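A look at the structure
So the chains spell out like this:
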Amino acid sequence: MRVKDKHASWLSAQAREVNFVWNFCNELSVRVFERERRFIGAYELQKFTDGATKEGLGLHSHTVQEVGQEYCRRRSQFHKVKLRWRVSGGARRSLGWVPFKTGALKYANGQVRFNGQTLSLWDSYGLSRYDLRAGNFSEDARGRWYLNVTVRVPVQLGPPAGQAEVGIDLGLKDFFATSDGQQVEAPQFYRDLEPKLAAAQRAGKKQRVRALHARIANRRKDFLHKYSTALVRKYRAIFVGNVNASSLAQTRAAKSVLDAGWSTFRTMLQYKCDSAGVWFKEVDEAYSTQDCHVCGSRSGPKGLAGLSVRRWQCLHCRAEHDRDINAAHNIRARGMAWLEEQIAAPLARRLA
Ligand SMILES: [Zn+2]
């Protein structure tokens, strides 16, 4: 939910202190590693940061703890000793971020109480109906602040709307292809606004640059929501390849890979499937582009050169394939094997 702009300066001040705590954690982590060749954990970090709220920082103690925990999570996620500094000013300023834990945010009369402040917001969800949990305040590129908060929602599981199972191959040229033959071309959210963005950058129009970036992000989000919702409404089980964006991001196709938003798409599919009672599984997609889904022989185009081959014919059974749709069939088959186990195991236990 969008927080009203009159609170921006207070939230920015909070964010500067968050950056200070983050950078303190970063520095301490490096120092401990250099001295003792080990990673300082969140619990130990907390002992160092606990005093901070008493020593003049205006942060909620839960926020200080959460910064330390998030720092440790990110550090192990990226396998690094040191993370990037959070920068409070200048051109490379980090967008504001103020996390909090369950219990730090309270709802009252259309506003939220947080760390001694009463904040007004555009309550587009009807917050009074929910039990507020952990979350954060975050700033976008235009300097607008948002409240992101998890809530407890009773899930009413009915039967899923669809009857069939589908495999989905995520790609670059086609954003995705399904085992039912649906192909959706990848929109170039970034590239078609690139000339405008470059012009704005040359002219030094910072506000315009920020607005363009926000527009790109919104377009991408709309696109991903639209297609993830449609898929969840159509099927009773969805299987998707585990294609790894970060390994591909180091290749020539990097810009398109980052533009594609695969991981966001998978996350959306996952939570939408969860609340709709649809099965969802990420499956290993190794060789899914090389194996013929009709006869199973590994006769498809191989290696980097093979990436440009869109259509091929199986040498063994002579079936003709679209590269992505064939891959989607293989992903579906792997997903079906998993699904049969899920359904068979409890059944076997009951029969035993
Ligand atoms: Zn074949």
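In this convention, every chain numbers its residues from 1, walking through the sequence in written order. Side-chain atom pairs in this predicted model are given and counted only at pLDDT of 80 or more, local residue features only at pLDDT of at least 70, and totals for whole chains, interfaces and linings cover all residues.

1. Some words on the domain arrangement of the chain
What counts is decided by this rule: Residue ranges assigned to the domains are those given by an automatic or database domain assignment.
Examined at the domain level, the chain breaks down into domain 1 (5-151) and domain 2 (164-351). Centre-to-centre, using C-alpha coordinates, domain 1 lies 33 Å away from domain 2.

2. Comments concerning the packing of helix α2 (residues 42-49) against helix α3 (residues 61-77)
Threshold: To obtain each axis, a line is fitted to C-alpha atoms, and for helices this fit is confined to the stretch in contact; angles are then taken between N-to-C directions over 0 to 180 degrees. Only runs of H or I of at least four residues qualify as helices and only runs of E of at least two qualify as strands under DSSP, and these elements are numbered from the N terminus. By convention the crossing between two helices is left-handed if the near helix lies anticlockwise of the far one by an angle smaller than a right angle, and right-handed if it lies clockwise. Our contact criterion uses C-beta atoms placed from the backbone: two residues qualify when those atoms are within 7 Å. Any residue that is not Ala, Val, Leu, Ile, Met, Phe, Trp, Tyr, Cys, Pro, Asp, Glu, Lys or Arg is counted as polar, Gly included; the first ten are nonpolar and the last four charged.
Contact pair α2 / α3: the axes reach a minimum separation of 9 Å and the direction vectors enclose 140 degrees. Classified by chirality, the crossing of α3 by α2 is right-handed. Together, Ala 42, Leu 45, Gln 46 and Thr 49 of α2 and Val 64, Gln 65, Gly 68, Gln 69 and Cys 72 of α3 make up the contact between the two elements. Counted by class, the contact of α2 with α3 contains four nonpolar, five polar and no charged residues.

3. Details of the environment of Gln 14
Its place among the elements puts Gln 14 in helix α1 (residues 8-36). It is 8.4 Å that separates the C-alpha atoms of Gln 14 and Trp 97, two residues lying 83 residues apart in sequence. Those residues within four positions of Gln 14 in sequence are excluded, and the remaining contacts are Gly 58, Leu 59 and Val 98.

4. A word on the sheet that holds strand β3 (residues 111-114)
Basically, it comes down to this: Strands were regarded as paired on the criterion that DSSP finds at least two bridges between them.
Strands sit in the order β2-β3-β4 across an open sheet of three strands; the sheet is antiparallel. Of all strands in the sheet, those with a lone pairing partner are β2 (105-108) and β4 (117-120), marking the two edges. Averaged over all pairs of adjacent strands, the angle between strand axes in this sheet comes to 30 degrees, irrespective of strand direction. Sheet topology note: the β3/β4 ladder contains four bridges and is antiparallel. Across the sheet, Gln 111 pairs through a bridge with Ser 120, a residue of β4.

5. Some thoughts on the packing of α1 against α2
To keep things clear, this is the line we draw: In what follows, roughly perpendicular refers to angles from 65 to 115 degrees, roughly parallel to angles under 35, roughly antiparallel to angles over 145, and oblique to any angle outside these ranges.
As a packed pair, α1 and α2 sit with axes 11 Å apart at the nearest point and diverge in direction by 120 degrees. By the angle between their directions, the pair α1 and α2 is classed as oblique. Considering only the axes of α1 and α2, their crossing is right-handed. Residues Val 21, Phe 24, Cys 25 and Leu 28 of α1 pack against Leu 45, Phe 48 and Thr 49 of α2. Across the contact of α1 with α2, the residue classes tally to six nonpolar, one polar and no charged.

6. Focus on helix α10 (residues 323-351)
Selection rule: To estimate the expected span of a helix, count its residues, drop one, and scale the result by 1.5 Å. Given a residue, its bend is the angle between the two axes fitted to the seven residues that end at it and to the seven that start from it. Residues with at least 20 neighbouring C-beta atoms inside 10 Å of their own are called buried, those with 12 or fewer are called exposed, and the rest are partly exposed, where every C-beta is derived from the backbone.
Helix length check: α10, at 29 residues, gives a terminal C-alpha distance of 42 Å against a target of 42 Å (1.5 Å per residue), a fit within 8%. At Ala 344, α10 is deflected by roughly 25 degrees, the largest bend along its length, and proline Pro 346 occurs up to four residues later in sequence. Burial in α10 covers these residues: Arg 323, Asp 324, Ile 325, Asn 326, Ala 327, Ala 328, His 329, Asn 330, Ile 331, Arg 332 and Gly 335.

7. Observations regarding the sheet that holds strand β6 (residues 145-151)
Here we have three strands laid out as an open sheet, ordered β1-β5-β6, and antiparallel in their pairing. The two strands at the open ends of the sheet, each matched to only one other strand, are β1 (97-100) and β6. Sheet twist, expressed as the mean angle between neighbouring strand axes with direction ignored, is 15 degrees. As judged from the four bridges shared by β1 and strand β5 (residues 132-139), these two strands associate in the antiparallel manner. Of the residues in β5, the one forming a bridge with Val 98 is Phe 137.

8. Here we look at the pairing of β3
In β3, alternate side chains face the same way, and those of Val 112 and Phe 114 are buried while those of Gln 111 and Arg 113 on the opposite face are not. Two elements, β2 and β3, share four bridges in a ladder whose sense is antiparallel. Bridge pairing in β3 places Ala 108 opposite Gln 111. The hairpin formed by β2 and β3 contains two residues between the paired strands, and Asn 109 there has a positive phi angle of roughly 50 degrees. Counting the residues between successive antiparallel strands, the hairpin from β3 to β4 contains two residues, one of them, Asn 115, with a positive phi of roughly 50 degrees.

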